[in-house]
Structures are given as structure tokens and as C-alpha cells.
Amino acid sequence: MKLAIDRGRVLSEIEALASFSDAPPPSVTRIVFTPTDRRARAWLNERFEEAGLKARQDAIGNVFARWSGSDPTAPVVGTGSHIDAIPDAGKYDGVVGVLGGLEAIRALRRSGFRPKHSIELLVFTSEEPTRFGIGCLGSRLLSGTLSADAAAKLTDSDGASVEQVRFAAGFTGELATVKLADDYYKAFLELHIEQGPILEREHVPLGLVTHIAAPATLRMSVEGSGGHAGAVLMSDRRDALCAASELILAIENAARNSGATDSVATVGICEIFPGAVNSIPSLVRLGVDIRDTELHRRDSVIHQIEEASRAISEKRGVSIRTELLNADPPADCDSAIVDALAQSCKNRGLNFLPMTSRAYHDSLFMARIAPVAMLFIPCRSGYSHRPDEFASADDIARGIVVLADTLGALSA
Ligand SMILES: [Zn+2]
């Protein structure tokens, strides 16, 4: 297919969208359902209208901009991402998938292509967990991963509920209607910056994601016995921090020994109580993040952590409590979509790398109801979620043309 990507237009749209921000440039801060987010959404809806797409919004604010196919009853081919941005983020995370998806659709239209399956551009609500403490709110509801009741109970840091906040932003309707039918999509494809350094380092312009890793989060608390750092002799101690130190190393080992590079475990939070230099730690709270591309392997890492905590608790006379905060299953990308992406790369003489996606993405949840794949483009130094996040015009244009080819192939 002969496709012309209007890169100047995409770049100016990326700049325009970045101007809807609650932080001064080059930072972008756009939190879901704030006045700034609502203005950005209104601007985006005008772009959709301009492109001849019919947009609808569901009760949580997910936007579906549709290019109707010649067979409107055929399952839909979807693409898209998110436009919310964490405080002091950059211009490209999520946005490349939305505005790139829009340009892919415009390029297909300009080429004279007419799809059989309708093509829908999605803008997911609240991919970032900033406001409600949970990421991918829109796609969790779309896919039925999160129930309407559970979503309604979420609150922001001011104590406002999802219900209050979305109503105030003009998104009424029942949350229960957000879930899509399991046969709604033929395919879903997300273009995204890599958010890591591999493509740039390998000088490869495109990453074809084959697996999407998913995290499990544990909150662990180790309770020992406090006391005076001078008066309590070593033989009488039940030091919570010493026990926690053994536990932290056991967590590292559990991931290291899984035999797969995709297994990772991180203790990112360690709070010590009472936290005085002359006081034996009586309580330590740990926050643990465990990720993998295979569920059974991640479960076995968790199992080993639990076994280690039992052994440490017995040996050191402390009690260790483990709470599983969340555990989303990883997803495999659909081989037919990945093949279509690879075919486009080959036709255009573009190198690509099969990759694992290690961050949270809406595609992880879309995989529950649709065959999915993700297409990565490089970003400078792998930086993301910071103001100097950057993707080059060439890389963006290459991502868009391969996205357009693949949307065309899947919707024909
Ligand atoms: Zn993102």
C-alpha cells in the first residue's frame, strides 16, 4: 500500500496536545478528569471530527473514534492508547499511540483504502494511577477485569469518588455498561514509545512486542521486638530490620534463580519503625513488586518468597505477614497480528526486534477480550515519565506507517 505520513502535522499535534498541561513546558501534567484533561479531550474530539471519525464516549470516559467499515457488523480492529500524564511527565507516553493512530487512519483514508472491518481509535481513561491509585482504569473496566462496583468505590486523594469525579466531568451513565463483548474486537494494536533503552542501543527502529509482563504487588510486614540499642544484648534480640534484610535478599534470589531473564523482583519500599539510631527496629514494612511474562513462574517466585519468610520468621523469632495487593496475569501477543506487523516491516525494509513489554499498558487488559499486539518505537536514552522524554520524527513516522499497514491488512 502506498501511504504518505504527514509527519509535520503529527508533530504539531503532539506539541498542541502538550500545551494542555498543569505544569510549565517542557513538563506535561495531565491528570484524568481535571479541567485540563477535559480541554485536551475536547481538542482531540475536534481532531476526530475533522478526520471524519464518529466518536462515542463511555461512562468512564474511554473514547472510541470510529471509521465505519463496509461490513459494520464485522468485529472491529482497534488501536489507541492514553493521553493522561503523571506529574512532570513528557509529551510522548501514550500520546504517540493516540495521535499516531489518528494519522495512520488519515493516511489510510488518503490512500483510497476502504476497510471491511470498522477501525476504531481508542483513548483510554486513566492509564496512569495518579488520581485513583490504580492504573489502566478504563481498560480494566472495558475488559471486565475490574467490576463496576469496585471501580465506583475508588477515591482520589481528596476523598472524591470515581462516581463524583466522572459525573462532574460530564461522564454519566452506568459503569456496568462499559464492559465490551468478548467478540467486539477482531484485533487491538497499540503503538507506544519503548520507555526503555534497548531499541536505541541496538540501533533498531521498531520493537514488536510478543509478551506483556505483569506485576504482582506484595505488602510485607516484619514484626520483631524493639528496645534500647545499648541495653539489649545481641543474644536477646528479635531485630525486625535484620530479619527484613534476609528477606530482601531472599526476594532477590527468588527472581534471580527462576531461570528466566523476564523474572524480576524489587523491594522498592522499606519503612523502619521506630526509626531512631539508638532503638532496635521493632517493625519493618516492605513493598515488593514481582513481574514476569509467565504466570506460573511469577507464582513460583511468590511461593519461594513465602517459604523464605516462614524460615526467616522461625529462625529469628519474628512474625512476617504478607498481603497480596494485586496480581494481574501477564499476556501473550497474538501471533497473527505480530506476523502482520513483521510483514509490514519486511515490505518496507525496516529492521525490528521481538520484545517484551515490561511496563503496565492498556493492551495487557485488552488481551482479556481481544487478540492484541504492541509496536514500540525508540525514545531517547530510554527516558519516560520525565520532561525530557523524546522520540524523533523519523521514529514516530516509521511507527505510524507500520501501524497503518497493519490496520489496513487486519481490516481488509
Ligand atoms: Zn503509556
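That block above? That's the structure.
What this report covers is the structure whose coordinates are included nearby. Just so you know, the residues in each chain are numbered from 1, in the order the chain's sequence is written. For this predicted model, a pLDDT threshold of at least 70 governs which residues receive local features, and a threshold of 80 or more governs which side-chain atom pairs are given and counted, while totals over whole chains, interfaces and linings are taken from all residues. The side-chain figures draw on all heavy atoms in the structure; neither hydrogens nor water molecules are used.

**Concerning the packing of aromatic side chains**
What counts here: Stacked, tilted and edge-to-face pairs are distinguished by plane angle, under 30 degrees for stacked and over 60 for edge-to-face with tilted covering the rest, among Phe, Tyr and Trp rings (Trp via its six-membered ring) whose centres lie within 6.5 Å. Going along the chain from the N terminus, every DSSP run of H or I of four or more residues is numbered as a helix, and every run of E of two or more is numbered as a strand. Remark: exposure states derive from per-residue accessible area (1.4 Å probe, protein chains only) relative to the maximum for the residue type, with buried under 20%, exposed over 50%, and partly exposed in between. Remark: a charge is flagged as sitting over a ring if the NZ atom of Lys or the CZ atom of Arg is within 6 Å of the ring centre and within 35 degrees of the ring normal.
Inspection of the entire model under this criterion finds eight aromatic pairs. Between W67 and F113, the aromatic rings sit 6.3 Å apart at their centres with planes inclined by 75°, giving edge-to-face as the arrangement. With W67 in strand 3 (residues 63–67) and F113 in the loop between helix 3 (95–110) and strand 6 (119–124), the pair connects residues that are 46 residues apart, well separated along the chain. Seen from their ring centres, Y92 and F390 are 5.9 Å apart, and the 80° between their planes marks the pair as edge-to-face. Here Y92, found in the loop between strand 5 (85–89) and helix 3, pairs with F390, found in the loop between strand 17 (372–377) and helix 12 (393–411); they are 298 residues apart in sequence, far enough to count as distant. For Y92, a relative accessible area of 7% translates into the label buried. Over the ring of F64 we find R56, and its NZ or CZ is 4.0 Å from the ring centre. In this structure, R386 is placed above the aromatic ring of Y383, and the distance from its NZ or CZ to the ring centre is 3.4 Å.

**Brief notes about the layout of surface pockets**
What counts here: A 1.4 Å probe that fits but cannot get out identifies a cavity on a 1 Å grid over protein atoms alone, an open set with protein on both sides within 12 Å along at least five of seven lines counts as a pocket, and a residue lines either if it has an atom within 4 Å of a point. Grid points are joined across faces, edges and corners, and a volume is the space filled by probe spheres set on the points. Following the grouping adopted for this structure description, the nonpolar residues are Ala, Val, Leu, Ile, Met, Phe, Trp, Tyr, Cys and Pro, the charged ones are Asp, Glu, Lys and Arg, and the polar ones are all others, Gly among them.
Here the largest pocket defines a volume of roughly 530 Å³. In terms of lining, the largest pocket is formed by 25 residues, of which the most central are P129, P215, D289, R291 and Y360. Listed by contribution, the elements that provide at least two residues to the lining of the largest pocket are strand 9 (214–223), strand 13 (283–292) and strand 14 (319–327). Taken together, the residues of the lining of the largest pocket break down into eight nonpolar, nine polar and eight charged. Empty space within the second largest pocket amounts to approximately 180 Å³. Residue lining of the second largest pocket: 13 residues in total, with L218, I269, L286, G287 and V288 positioned closest to the centre. Of all the secondary-structure elements, those providing two or more residues to the lining of the second largest pocket are strand 9, strand 11 (264–273) and strand 13.

**Details of the nonpolar core**
Defined as follows: Residues belong to a common nonpolar core when they are buried Ala, Val, Leu, Ile, Met, Phe, Trp, Tyr or Cys residues joined through side-chain atoms within 4.5 Å.
If you look at the biggest cluster of nonpolar residues, it comprises 101 residues, and the most contacted ones within it are F48, L137, Y185, M366 and I396. Formed by 20 residues, the second largest nonpolar core is a distinct cluster that contains A216, I251, V284 and I305.

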